[in-house]
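# An overview of the molecular structure
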There are 2 protein chains.
Amino acid sequence: MNLNDLLNHTSEWLKGTGPHSDIVISSRIRLARNLDKLMFPQWANKKQGEEALQLIVGSFPKAPFLKQTSIFKLAEVDNIDKQFLVERHLMSLEHTQKTNHKAILIDQEEVLSFMINEEDHLRMQVMQSGFNLYEAWNIINQIDDSLAKELSYAFSAEWGYLTACPTNTGTGMRGSVMLHLPALVITRQIDRVLAAIAKLSFTTRGLYGEGTQAMGNFFQISNQVSLGHSEDEIIRNINGLIRQIIEQENQAREALLAKSKAPLEDRVHRSYGILKSAHIISSQETTELLSMVRLGCDMGMISNLDRRVINELFIITQPAHLQKMENKKLSQEERDVKRADIIRHKLV
Amino acid sequence: MNLNDLLNHTSEWLKGTGPHSDIVISSRIRLARNLDKLMFPQWANKKQGEEALQLIVGSFPKAPFLKQTSIFKLAEVDNIDKQFLVERHLMSLEHTQKTNHKAILIDQEEVLSFMINEEDHLRMQVMQSGFNLYEAWNIINQIDDSLAKELSYAFSAEWGYLTACPTNTGTGMRGSVMLHLPALVITRQIDRVLAAIAKLSFTTRGLYGEGTQAMGNFFQISNQVSLGHSEDEIIRNINGLIRQIIEQENQAREALLAKSKAPLEDRVHRSYGILKSAHIISSQETTELLSMVRLGCDMGMISNLDRRVINELFIITQPAHLQKMENKKLSQEERDVKRADIIRHKLV
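Residues numbered from 1 in each chain as written. Chains lettered and ligands numbered in written order. Predicted model: local features only at pLDDT ≥ 70, side-chain atom pairs only at ≥ 80, totals over all residues. Heavy atoms only, no water.

Counting its secondary structure elements, chain A contains 11 helices and 10 strands. Considered along the principal axes of its C-alpha atoms, chain A spans approximately 65 × 45 × 30 Å. Going through the 348 residues of chain A one by one, you find that 57% of them count as buried. In chain A, the share of contacts with a sequence separation of at least 24, taken over all contacts with a separation of at least 6, comes to 72%. For chain A, the computed accessible surface area is about 15,200 Å², with 49% contributed by carbon and sulfur atoms. Of the side-chain charges in chain A, 40 are positive and 42 negative, and the distance between the mean point of each set is 2 Å. (Helix = DSSP H or I, 4+ residues; strand = E, 2+ residues; numbered from the N terminus. Buried < 20%, exposed > 50% of the residue type's maximum accessible area, 1.4 Å probe, protein only. Contact = heavy atoms within 4.5 Å. Areas by Shrake-Rupley, 256 points an atom, 1.4 Å probe, with all protein chains shown as cover. Lys, Arg positive; Asp, Glu negative; His and termini not counted. Charge placed at Lys NZ, Arg CZ, Asp CG, Glu CD.)

Before going further, it helps to spend a moment on the domain arrangement of chain A. How big an interface is tends to be stated in terms of the accessible area lost upon association of its parts. Residues and elements named next belong to chain A. What the domain assignment lists for chain A is domain 1 (3–252) and domain 2 (261–346). The distance between the C-alpha centroids of domain 1 and domain 2 comes to 26 Å. With 28 residues of domain 1 at the contact, the number on the domain 2 side is 23 residues. Approximately 2,400 Å² of surface area, both sides summed, lies buried where domain 1 meets domain 2, with 62% of it carried by carbon and sulfur atoms. When residues of domain 1 are sorted by the area they lose upon contact with domain 2, L14, I80 and E87 head the list and together hold 23% of the total. Inspection of the domain 1/domain 2 interface yields one salt bridge. Between D81 and K324 there is a salt bridge; the shortest N-O distance is 2.4 Å. (Domains from an automatic or database assignment. Buried area = accessible area lost by both parts, 1.4 Å probe. Salt bridge = Lys/Arg side-chain N within 4 Å of Asp/Glu carboxyl O.)

With that out of the way, let us pick up the relation of the copies chain A and chain B. For these two chain copies, the linking operation is a rotation about an axis paired with a shift along it. Laying chain A over chain B is done by rotating through 180 degrees and shifting 0.0 Å along the axis; what remains is an RMSD of 0.0 Å. When the rotation and shift are considered jointly, the pair of chain copies conforms to a two-fold rotation axis. Taking C-alpha positions as reference, the residue of chain A nearest the rotation axis is G273(A), located at 2.4 Å. Take the interface residues of chain A: 100% of them recur as interface residues in chain B, which is what a same-surface contact looks like. (Least-squares fit on C-alpha atoms with pLDDT ≥ 70 in both.)

This paragraph deals with helix α3 (residues 133–150) of chain B. Relative to the 26 Å expected for 18 residues at 1.5 Å per residue, α3(B) spans 26 Å between its end C-alpha atoms, a close match to the ideal helical length. For α3(B), the complete set of buried residues consists of L133(B), A136(B), W137(B), I139(B), I140(B), I143(B), D144(B), S146(B) and L147(B). (Expected span 1.5 Å × (residues − 1).)

Between chain A and chain B, the contact holds 14 residues from the first and 14 residues from the second. Summing both sides of the interface, chain A and chain B together bury roughly 1,200 Å²; the carbon and sulfur share of this comes to 60%. Ranking the residues of chain A by area buried against chain B places R270(A), H279(A) and I280(A) at the top, with a combined share of 44%. Linking chain A with chain B are two salt bridges, by the criterion used here. Among the ionic pairs, R270(A) bridges to E285(B), the shortest N-O distance being 2.8 Å. At the boundary of chain A and chain B, one finds 10 residue pairs in polar contact (both at pLDDT 80 or more). Tallied by class, residues from the side of chain A that touches chain B come to six nonpolar, four polar and four charged. (Polar contact = N/O pair within 3.5 Å; in protein donor to acceptor, adjacent residues only side chain to side chain. Nonpolar A, V, L, I, M, F, W, Y, C, P; charged D, E, K, R; others polar.)

Below, the discussion takes up the packing of helix α7 (residues 231–277) of chain A against helix α11 (residues 332–347) of chain A. Residues and elements named next belong to chain A. As a packed pair, α7 and α11 sit with axes 7 Å apart at the nearest point and diverge in direction by 115 degrees. In terms of their interaxial angle, α7 and α11 are classed as roughly perpendicular. Residues Y272, L275, K276 and S277 of α7 form the contact with α11, whose participating residues are I343, R344 and L347. Here the contact of α7 with α11 is composed, by residue class, of four nonpolar, one polar and two charged. (Axes fitted to C-alpha atoms, helices over the stretch in contact; angles between N-to-C directions. Parallel < 35°, antiparallel > 145°, perpendicular 65-115°, else oblique.)

Notably, F65(A) is not glycine yet its phi reads approximately 70 degrees, a positive angle. When you line up the elements, F65(A) lands in the loop between α2 (46–59) and β2 (69–73). The exposure class of F65(A) is partly exposed, given its relative accessible area of 40%. Of note in the backbone geometry, N117(B) takes a positive phi value of approximately 60 degrees without being a glycine. Exposure remark for N117(B): the relative accessible area of 5% places this residue in the buried category.

This part covers the side chain of D336(A). By the secondary structure assignment, D336(A) is in helix α11. Beyond its immediate sequence surroundings of up to four residues, D336(A) is in contact with H279(A), I280(A), I281(A) and S282(A).

Next up on the list: the packing of aromatic side chains. Residue and element names in this part refer to chain A. By the definition in use, this model includes eight aromatic pairs over all chains. Plain terms: the ring middles of F155 and Y161 are 4.8 Å apart, the flat faces sit at 70 degrees to each other, and that makes the pair edge-to-face. Ring pairs connect the aromatic residues Y153, F155 and Y161, which therefore count as one cluster. Lying across the ring of Y153, R33 places its NZ or CZ 5.6 Å from the centre. Here the guanidinium or amino end of K324 rests over the ring plane of F84, the centre of that ring lying 5.1 Å away. (Phe/Tyr/Trp six-rings, centres within 6.5 Å; stacked < 30°, edge-to-face > 60°. Lys NZ or Arg CZ within 6 Å of the ring centre and 35° of its normal.)

Together, W159(B), L162(B), V225(B) and L227(B) line one region of the surface with nonpolar side chains, adding up to about 330 Å² of accessible area. With respect to the helices and strands, the residue W159(B) is situated in the loop between β6 (155–156) and β7 (160–161). (Patch = residues over 30% accessible without salt bridge, like charges linked within 9 Å, V, L, I, M, F, W, Y side chains within 5 Å.)

Here α7(A) contains 47 residues, and its C-alpha end-to-end distance of 47 Å is more than 12% below the 69 Å for a straight helix at 1.5 Å per residue. If you look at α7(A), its biggest bend is around 105 degrees, right at S260(A), and the proline P263(A) turns up within four residues after that. (Bend = angle between axes of the 7 residues up to and from the residue.)

Residues and elements named next belong to chain A. As summarised here, the arrangement of the eight strands in space is β2-β3-β4-β5-β1-β8-β10-β9, forming an open sheet in which the pairing is antiparallel. The open sheet terminates on both sides in strands that have one partner only, identified here as β2 and β9 (202–205). Each strand axis lies, on average, 20 degrees off the axis of its neighbour in the sheet, ignoring direction. In this sheet, strand β3 (residues 103–107) lies alongside β2 in antiparallel orientation, the contact comprising five bridges. (Pairing = 2+ DSSP bridges.)

Let's shift gears to the sheet that holds strand β5 (residues 122–129) of chain B. All names here are of chain B. Pairing in this open sheet of eight strands is antiparallel, and the strands run β2-β3-β4-β5-β1-β8-β10-β9 from one edge to the other. Edge positions in the sheet fall to β2 (69–73) and β9 (202–205), since each of these pairs with one other strand and no more. For this sheet, the mean angle separating the axes of adjacent strands, direction not counted, is 20 degrees. Across eight bridges, the pairing between strand β1 (residues 24–33) and β5 is antiparallel. In the sheet register, S26 faces β5, and the bridge partner there is S129. Helix-sheet contacts for helix α5 (residues 190–199) involve β9 and β10 (218–223), and the interaxial angle to β9 is about 140 degrees.

Attention shifts here to the environment of I80(B). Residues and elements named next belong to chain B. If you trace the backbone, I80 turns up in helix α2 (residues 79–87). Accessibility expressed as a relative area gives 24% for I80, which makes it partly exposed. Sequence separation between I80 and A320 is 240 residues; the distance between their C-alpha atoms is 5.4 Å. Contacts of I80, omitting those with residues within four sequence positions, involve A320, Q323 and K324.

Structure, rendered in structure tokens:
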């Protein structure tokens with residue numbers, strides 16, 4: 001597999017299918033694992049880093065789901081491709097830095113992405129479209145069970161899986177759900193909802209991962225605590241919370257339809273109209289307008305537009321994607337023009 | 001002829017044809033005439049008002065160009081129709097008030113519109129599409145010569161034609177040209193141009209006539225002085241001025257193309273996109289966006305859109321037009337919705 005192949009391909013998590021896919025973009029489970037007897041990547045010397053990489057890659061062939069995957073050494077990946085992988089939510093920004101012994105495993109469907117020698121020796125991620133944490137868990141759990149037979153994990157009977165950062169110790173698990181909550185934002189209830197989420201020990205991030213602002217009404221919600229609960233409990237807790245948020249977003253959408261249908265339709269169609277006609281557009285405006293178009297699709301105000309096209313546009317209008325498509329480095333001004341071109345062609 | 005017939009018909013001056021029609025919307029000549037021995041309308045009693053009306057209407061049958069015309073008594077025209085006539089530039093706002101003995105003559109093509117018992121006994125107007133004052137003058141002059149044989153005009157050998165307001169005394173003539181000057185506005189040269197026009201004793205008004213602001217980059221320029229020059233001199237002076245303004249607008253358009261083509265294209269296409277998709281739109285936003293779309297057509301950025309459609313949209317999106325089309329009184333909110341509907345359907 002070549003990274004360029006991903007350009008013309010829809011990631012599993014962008015398909016816009018799966019349960020509650022009008023509100024839930026995607027579900028993700030991540031497990032952090034480390035090898036005992038080897039220093040955590042940040043402290044490891046060259047030899048240990050290489051050894052961890054070899055051991056982990058060597059454990060993959062026997063694991064289920066990993067047949068159609070490719071492994072890339074980050075030191076051999078150019079900067080735009082690294083940013084491209086970050087933009088596709090396949091790896092962290094941190095994984096693009098100090099790339100010695102770092103590698104990434106991905107599959108053609110972009111369901112799986114495993115980072116080797118990021119903060120922990122192994123960070124496994126499984127993504128699913130829609131509200132589907134259990135399916136993600138089912139896949140990642142089988143892989144983890146298989147790898148555990150090959151690798152000697154750093155594990156404490158008292159603390160569970162040991163990790164570089166204590167917040168991940170225990171299950172090493174993080175479950176995340178990406179939600180699109182435009183009606184809660186428009187009706188100004190979102191602050192109340194986010195405050196409640198924070199009190200329940202969940203974390204909220206933006207569309208583009210850790211450290212990013214919520215933009216275009218997207219909110220990624222994940223568990224903050226990995227210790228003291230079983231994996232099933234963690235997933236059950238997240239699911240319970242997400243179900244409540246979905247319910248509140250649905251109520252807010254109904255309230256909008258009842259009270260402000262005409263202004264909402266106007267805003268949705270104007271957003272669609274601008275996206276179909278702009279010749280220069282910033283990343284932020286794109287995200288905001290796409291959010292309104294997605295809401296319009298989900299509420300039946302726009303027909304004949306596949307939700308997958310909208311989901312993809314969020315991803316392919318990012319800087320590295322634009323530069324890969326154009327096959328050269330682009331200034332911000334050039335990207336704003338290229339972005340508008342791509343959007344117009346996709347929305348014709 | 002019925003006033004409703006005009007709804008589905010393009011006025012001559014909106015056809016978007018004629019010389020320099022990329023910049024000059026229309027040319028208009030107006031003559032003010034009064035009958036001697038009868039008080040000016042404002043001072044006339046009932047009997048005199050009626051007598052002036054009868055005399056003037058009685059003079060029409062022998063005049064050229066007046067065969068296919070209709071006369072409406074303003075007292076018999078309802079309020080929406082009166083406003084409708086104002087919106088079509090066929091009569092003044094003043095002519096909608098105190099309607100006793102007031103009448104209007106119009107033709108199907110809306111080239112001619114004669115107000116009887118407005119400020120003066122007779123106000124004759126001839127409109128042409130594009131930059132074409134001489135053709136308007138040619139028509140109105142023949143009519144005036146014919147009427148002069150039937151009517152006894154108030155005329156002084158020293159002062160010329162006598163009028164209710166001294167600013168019209170002399171020739172009684174006003175020549176006006178409606179210009180679309182978006183590039184001078186965008187490049188911020190318009191204030192300098194308007195200051196020069198004022199110094200030369202010309203008046204500038206907006207798209208919607210006396211007392212209106214310039215909106216959507218439309219400027220109606222007319223002579224301020226009617227006395228001391230022949231009709232030919234007045235037209236020659238206006239024409240000379242207009243030719244200079246056209247030249248400056250053209251230079252500003254070329255400068256925009258050379259320096260800011262991409263942002264201009266973006267603005268033009270966004271304006272078009274919003275007009276094609278909005279579900280609620282104000283009159284002011286409509287005018288501003290249509291102005292950009294017209295510029296885009298004139299500069300070849302938008303193809304397959306007839307300039308006539310844009311010109312018409314400026315007119316038919318006005319309040320009385322919307323209400324006539326809907327055949328009922330509409331609130332401002334209802335008009336904003338109806339306006340957006342009409343625009344979307346016309347621009348499909």
